[in-house]
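Chain and residue survey
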Number of protein chains: 2
Amino acid sequence: MGTPDPLPSWNDTAAKKAIVDFVAKVTRPGSADYVPPPERIATFDNDGTLWPEKPVPFQLLFALDRVKALAPKHPEWTTQEPFASILKGDMAGLAATGEKGILAVMAATHAGMTTDEFTQAVEGWIATAKHPQTGLPFTAMVYQPMLELLHYLRASGFKTFIVSGGGVEFMRPWTERVYGIPPEQVIGSAGKLKFEARDGEPVILKLPEVDLIDDKDGKPAAIQSRIGRRPIAAFGNSDGDLQMLQWTTAGPGARFALFVHHDDAAREYAYDRADKLQQFSVGWDEALARGWTVVSMKGDWKTVHPPENARR
Amino acid sequence: MGTPDPLPSWNDTAAKKAIVDFVAKVTRPGSADYVPPPERIATFDNDGTLWPEKPVPFQLLFALDRVKALAPKHPEWTTQEPFASILKGDMAGLAATGEKGILAVMAATHAGMTTDEFTQAVEGWIATAKHPQTGLPFTAMVYQPMLELLHYLRASGFKTFIVSGGGVEFMRPWTERVYGIPPEQVIGSAGKLKFEARDGEPVILKLPEVDLIDDKDGKPAAIQSRIGRRPIAAFGNSDGDLQMLQWTTAGPGARFALFVHHDDAAREYAYDRADKLQQFSVGWDEALARGWTVVSMKGDWKTVHPPENARR
């Protein structure tokens, strides 16, 4: 009787072997590559790595739904862009407002309330909202093979962190339940916060100013700022994750870097070099040149999403 | 045969009883105050709470020693304040340069190098530098009763964090060894960081701009930003910790707040309301009004520092 397969949703291909070999060598006592448990830090991107990011990152869908929910309190939005376009369901009109429009949406929906109020809004949305193409709850669309990988790493003494360009306060309400990753191990983009007394009760307000953009160069800097220890393994899916993988692999000793390649139009999405929003091109080239693991969702994964009875 | 006393350096006074009662009620399954382990977050100030902060915070002594170490590379410092005063050992001259002088010292000694280089400087200093009054290594001056408290909380399923006004990169190199608190559970004041390639090798540079001042109002905001979960217990020693204790105790369910009162001039230091740098006055009043625990170092602690054979 052998040990149960820790990664049953992975086909027996080179990607799975690379993961298992890495974990074996850093955890085997006496191994030349042994790493003590406190230093077994693994960092994961979220959008596109642990769950999908198409047709647009899910947090943007949350923001658009929040505009609709908040509209009764903002009669001026019926004529004011980008809100007018959103309320009319005119996505081309929203797109025409560009980055400035998106920033206005984020400021209106992610700031000007307490952190507790924002958490409640996220919890309500994530429990009820459905993906526009699959009709599934968003948390039902996480990647089953990645859930197994997170669990396998933790069972092997790793501490798993999310290091995402997405908003930290948007992820924390559900990452512990869905990924087994507690709030304090979630790093993401964030606005500034302000502690104050409101009617004698202490609250923390979300301000519209940016505190951290956790993408590209910002990822290694955020890892140093929040974790203070260089990961030995890092997992991403696009060029925005490249610097995190560079920083991880530049340390001494055994290191592991992996990109998830979205090449499965039938079961999920297929996009890479030509994608404008989530490009995977420079990172792919570097992965090929340096022998990092590139996961083919089509070829390396038996299943993509959790079975219905296992959804969280 | 009873359970061994988890806090042997604490006298059997009300302070110890308050701690033990709190831990018992939040950990006892079925208790009305039971708190699941993931939510057992405890935050500790460092300077004055886990180790002393007199005659000045130890990080300032590190900075002054760094000025001396770096002086050969900066011939201009012999005539340029505040460096000239420091190099002459003229502390009154340094004090005369005020906050501007201190900021110049911090920028010169805590920025303009990589995080790895700074860590090496801290490790070298903490291993060799001696306290100007006791002649002891600084890490030998940590508070033995607080070490026992940290250990007791962790053994009771708590996750212990440092939330200090001191510099995060100054604490992380030694907190795991000395306090059992890993780098990712250390929050402190910080400068901005920048990821870049230096001779093809990725490095993270420490910039002279402030990223976080982790004091007063900044403490609850940093707790939300870094931990994302409200502590159920918080420990401090001065008015700079008051907001952290307010935020902690304002949450629902059982909560614990404790101030260490420095009233032991014989074994350590005595200072409170009249102290200019580390005042304990508004916080003391609020602690008295709200029934928080105020530890008398003189009356509640059997010993202050670890015995020689237990130093780390």
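For the structure itself, look to the data block above.
Residues numbered from 1 in each chain as written. Chains lettered and ligands numbered in written order. Predicted model: local features only at pLDDT ≥ 70, side-chain atom pairs only at ≥ 80, totals over all residues. Heavy atoms only, no water.

**Here's the deal with the overall build of chain A**
Our working definition: Helix and strand assignments come from DSSP, with helices taken as H or I runs of at least 4 residues and strands as E runs of at least 2, each series counted from the N terminus. What the globule rule says is 2.2 Å times the number of residues to the power 0.38, and the radius of gyration is computed from C-alpha atoms. For every residue, the accessible area (1.4 Å probe, protein chains only) is compared with the maximum for its type, and the residue is labelled buried under 20%, exposed over 50%, or partly exposed between those bounds. Whether two residues are in contact is decided by their heavy atoms, any of which lying within 4.5 Å being enough. Working definition of accessibility: Shrake-Rupley area with a 1.4 Å probe, residue cover restricted to the visible protein chains. Two residue types count as positive, namely Lys and Arg, and two as negative, namely Asp and Glu; His and chain ends fall outside the count. A charge is said to be at NZ when it belongs to Lys, at CZ for Arg, at CG for Asp and at CD for Glu.
Per the secondary structure count, chain A includes 12 helices and 7 strands. For 312 residues, the compact-globule estimate of 2.2 N^0.38 gives 20 Å, and chain A sits close to it at 20 Å. Its C-alpha atoms put chain A at 65 × 45 × 40 Å along the principal axes. Expressed as a percentage of the 312 residues in chain A, the buried residues total 55%. For chain A, long-range pairs separated by at least 24 residues make up 65% of all intrachain contacts whose partners lie at least 6 apart in sequence. Carbon together with sulfur atoms contributes 56% to the accessible area of chain A, which is approximately 13000 Å² in total. Here chain A holds 34 positive side-chain charges and 39 negative ones, and the gap between their average locations is 3 Å.

**Remarks on the environment of Val20(B)**
Residue and element names in this part refer to chain B. Of note, Val 20 is situated in helix H1 (residues 14–27). Since its relative accessible area comes to 29%, Val 20 is described here as partly exposed. Setting aside chain neighbours within four positions, we find Val 20 in contact with Leu 7 and Tyr 152.

**Here we look at helix H5 (residues 98–110) of chain B**
Just so we agree on the cut-off: An expected span of 1.5 Å times one less than the residue number is assigned to each helix.
A rise of 1.5 Å per residue sets the reference length of H5(B), with its 13 residues, at 18 Å; its end C-alpha atoms lie 18 Å apart and thus fit the reference within 8%. One or two steps after H5(B), the chain reaches Gly112(B), where phi turns positive at roughly 80 degrees.

**Some details on the side chain of Asn237(A)**
Residue and element names in this part refer to chain A. Heads up, the condition is: Here a polar contact means two N or O atoms within 3.5 Å. Within protein one must be a hydrogen donor candidate and the other an acceptor candidate, and residues neighboring in sequence count only if both atoms are side-chain atoms.
Residue placement: Asn 237 occurs in the loop between strand E5 (233–236) and helix H10 (242–249). Residue class for Asn 237 comes out buried when judged on its relative accessible area of 1%. Polar side-chain contacts of Asn 237 include one of 3.4 Å to the side chain of His 262.

**Details of the side chain of Ser164(B)**
Residues and elements named next belong to chain B. Structurally, Ser 164 can be placed in strand E2 (residues 159–167). Look at Ser 164 and you get buried, because its relative accessible area is 0%. Within polar-contact distance, the side chain of Ser 164 engages the backbone nitrogen of Gly 166 at 2.8 Å. In this structure, Ser 164 is in contact with Asp 45, Asn 46, Asp 47, Met 171, Ile 187, Gly 188, Ser 189, Asp 214 and Lys 219, ignoring residues within four places of it in sequence.

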